[in-house]
Amino acid sequence: MGDAFDGAILRVAVTDGRFEVELHQPGMLRPLRGAELSDGTLRYLCLVAALLTVDPPPLLVLNEPETSLHPELLGPLARLVTAAGEQSQVMVVTHSEQLIRAMGVVAPGDEHSDERDEHGEDHGTGLGSPPRRVTLVKDLGETFVQGAGPVDDPGLELERSPLTLSRPSRNVRFPEGSGKLRTSTTHAAAVTLGRPHVHHPLPGRSPPVDPADSRPAQAGGGAHVTDIDVVQRPTAAEGGPDMIQLLTPEGQRVSHPDYDAYVADLKADDLRGFYRDLVLIRRLDAEGYALQRQGELGLWPSLLGQEAAQVGSGRALKPHDFCFPTYREHGVGFVRGMDPQSSLQLFRGVSQGGWDPKEHNFHLYTIVIGAQTLHATGYAMGVKMDGHVGTGDPDRDMAVICYFGDGATAQGDVNESFVYAASFDAPVVFFCQNNQWAISEPVSKQTRIPLYQRARGFGFPGIRVDGNDILATYAVTRHCLDEARNGNGPLLIEAFTYRMGAHTTADDPTKYRVSAEVEQWKLRDPILRLKTYLAHEGMAEESYFHSIDEEADQFAHELRDGCLSLQAPPGETMWEHVYAGDHPVMEAERAAYLEYQASFEGEH
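Residues numbered from 1 in each chain as written. Predicted model: local features only at pLDDT ≥ 70, side-chain atom pairs only at ≥ 80, totals over all residues. Heavy atoms only, no water.

## Section: the overall build of the protein chain
So, point 1. Helix and strand counts for the protein chain come out as 16 helices and 17 strands.
So, point 2. Within the protein chain, contacts between residues separated by at least 24 positions form 73% of all contacts whose residues are at least 6 apart in sequence.
So, point 3. Carbon and sulfur atoms provide 51% of the accessible area of the protein chain, an area that totals close to 27200 Å². (Helix = DSSP H or I, 4+ residues; strand = E, 2+ residues; numbered from the N terminus. Contact = heavy atoms within 4.5 Å. Areas by Shrake-Rupley, 256 points an atom, 1.4 Å probe, with all protein chains shown as cover.)

See below:
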């Protein structure tokens, strides 16, 4: 155990039932403290440390919501569990695919599950095969540890406190039925789960796997190594095997049998246009942020990191489709032909929207979280009643797309919209930009299953797409819009992306997330991956990228000048466009206002 942390020191103090954690790693400029680590990471560290302090070592039941483990902790943590397994039978209940892979266990069907050569050398994680006395399972209920005791290993310093696993779990389902699992002692019975039901989202809906079809237990050792549940939980690290991707973070084109056809007609000019859109939209976002910081805007909601989700889906729309945005879809509005100054007007406070929704079939921004899903569903129901669905006429059939974030999925409006859309087969595509954070709450605290799987409960398909991959987002959105236009009802797209900046300029993300997570997502930058692909395939020269940068500079200059020249409209215009015709109350209020305003004439 002395080298389990490779020279690192984990200090865990238990005070009034609360853990205070500090991790010292070689090469760190300073130690990582509890506030800088995710809740899941803290519980992993404390539970494993506590596991080694009890004699005999207990079975470790750790059922975490999917979380992104700090990358510097992944290897040491896997070694701790491995070392514990050498001492006693250990069961680890975890949703973390990162931890599972670090321990050498991968999901069924993973082509890279065996990374050893003919001599048995491990060229994968470097941790060797999973220990025979460690069982990895999922979805066994919730347990929490309340304390830890001391350990002889000098690398672990803990204050003494009894280890207890307590708190009843939620309902869990086993192959043989349902029930509740309670753990009130340090020991729990090991359970080996069979292969789970696997849902394959559209297109290509395959039949479910028989739950009774499970692999035999691994021979030898104490506990059995079980199948790993391939139905992914939300994670800030990877989107899971069901996530559609056509362009890797390294800019390499990958094939997908169901979605290649939707990008086959894209020419080099189209892809260069995608790149231009991404760059200009990022510059729009940067200028909006700077203008707010300089006092020229009251607020600015950034879309940094979500450009591909917005451009890809926006470019998939037909002109007669209708879009219902939140307050962050500056990129969608841009590709729909909206004047970029429109959103600046709103956040400068000189208008309450400032554009005609019918001009570009782009509704006003909705500040109330999730309310636009009701608007979109109602509009889509009207589209169907008007006979603009399933006629076979591409110039007549239309679809509605509605944007919202992962946090909005907890709102009643969104769930009610799902109910109505499914009941009336409304031609609406719900587009959820899962940027991993609902202000300060991670998606792992918002849901127990991936967001795209929620659609199944309402009776319509859901699909997860790499939201940082503009090709995949474009292809998936085209497919779903076609399905809606053809009369096949609603669909849900979960664009798996990341909010690189703050929720708005009123937010400080450094108070609730670690910089390592942001740095990890920078490697998946949507602009860089498309630029790499264009350059590698010979579709764009360096001169082209330089010209786009110059255009972005000019674009930013015009945005700034336009914003600073915006003037507040006359006060009497607030009574305009309230009612379709004359209204005596409105006229009386307007007259009173004008009379009041005139009383100040001539004064300074």
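## Comments concerning the pattern of salt bridges
So, point 1. This structure, assessed with the given rule, holds 17 salt bridges.
So, point 2. With a closest N to O distance of 2.7 Å, D553 and R283 form a salt bridge. Separated by 270 residues along the polypeptide, D553 in helix α15 (residues 542-564) and R283 in helix α4 (residues 268-293) bring together distant segments of the chain.
So, point 3. Note on D553: relative accessible area 43%, which makes it partly exposed.
So, point 4. Given a relative accessible area of 26%, R283 falls into the partly exposed group.
So, point 5. A salt bridge links E296 to R348; its shortest N-O distance comes to 3.0 Å. Highlighted residues: E296 in the loop between α4 and α5 (307-316) and R348 in helix α7 (residues 341-348), separated in sequence by 52 residues. (Salt bridge = Lys/Arg side-chain N within 4 Å of Asp/Glu carboxyl O. Buried < 20%, exposed > 50% of the residue type's maximum accessible area, 1.4 Å probe, protein only.)

## Points about the nonpolar core
So, point 1. By size, the foremost hydrophobic cluster in this structure holds 67 residues, and its most contacted members are Y275 and L530.
So, point 2. Those residues within four positions of L530 in sequence are excluded, and the remaining contacts are L247, L271, F274, Y275, L278 and I470.
So, point 3. Counting 25 residues, the second largest nonpolar core, distinct from the first, contains F322, A380, V443 and L451. (Core = buried A, V, L, I, M, F, W, Y, C linked by side-chain atoms within 4.5 Å.)

## Comments concerning the side chain of N435
So, point 1. For N435, the location among the structural elements is in the loop between β13 (428-434) and β14 (437-438).
So, point 2. Contact partners of N435, with chain neighbours within four places excluded, come to Q306, D406, T497, Y498 and R499.

## Some points on a nonpolar patch on the surface
So, point 1. A cluster of nonpolar side chains, contributed by M385, V419, Y420 and F424, occupies part of the molecular surface with about 430 Å² of accessible area.
So, point 2. Relative to the elements of secondary structure, M385 occurs in helix α9 (residues 371-385). (Patch = residues over 30% accessible without salt bridge, like charges linked within 9 Å, V, L, I, M, F, W, Y side chains within 5 Å.)

## Thoughts on the packing of aromatic side chains
So, point 1. With the rule as written, the count across this model stands at 27 aromatic pairs.
So, point 2. Residues Y275 and Y544 carry aromatic rings whose centres are separated by 6.3 Å and whose planes lie at 50° to one another, so their mutual orientation is tilted. With Y275 in helix α4 and Y544 in helix α15, this pair connects stretches of sequence that are 269 residues apart.
So, point 3. Each ring, one from F404 and one from F418, has its centre 6.4 Å from the other, and the planes form 55°; the classification is tilted. Of the two residues, F404 is situated in strand β12 (residues 400-405) and F418 in helix α10 (residues 412-423); the sequence distance between them amounts to 14 residues. Of the two residues, F404 and F418, neither departs from the other in class, the shared state being buried.
So, point 4. An aromatic cluster of three or more residues is present, and its members are W300, F347, W355, F362 and Y365.
So, point 5. Directly above the ring of F545 sits K531, whose terminal nitrogen or CZ lies 5.1 Å from the centroid. (Phe/Tyr/Trp six-rings, centres within 6.5 Å; stacked < 30°, edge-to-face > 60°. Lys NZ or Arg CZ within 6 Å of the ring centre and 35° of its normal.)

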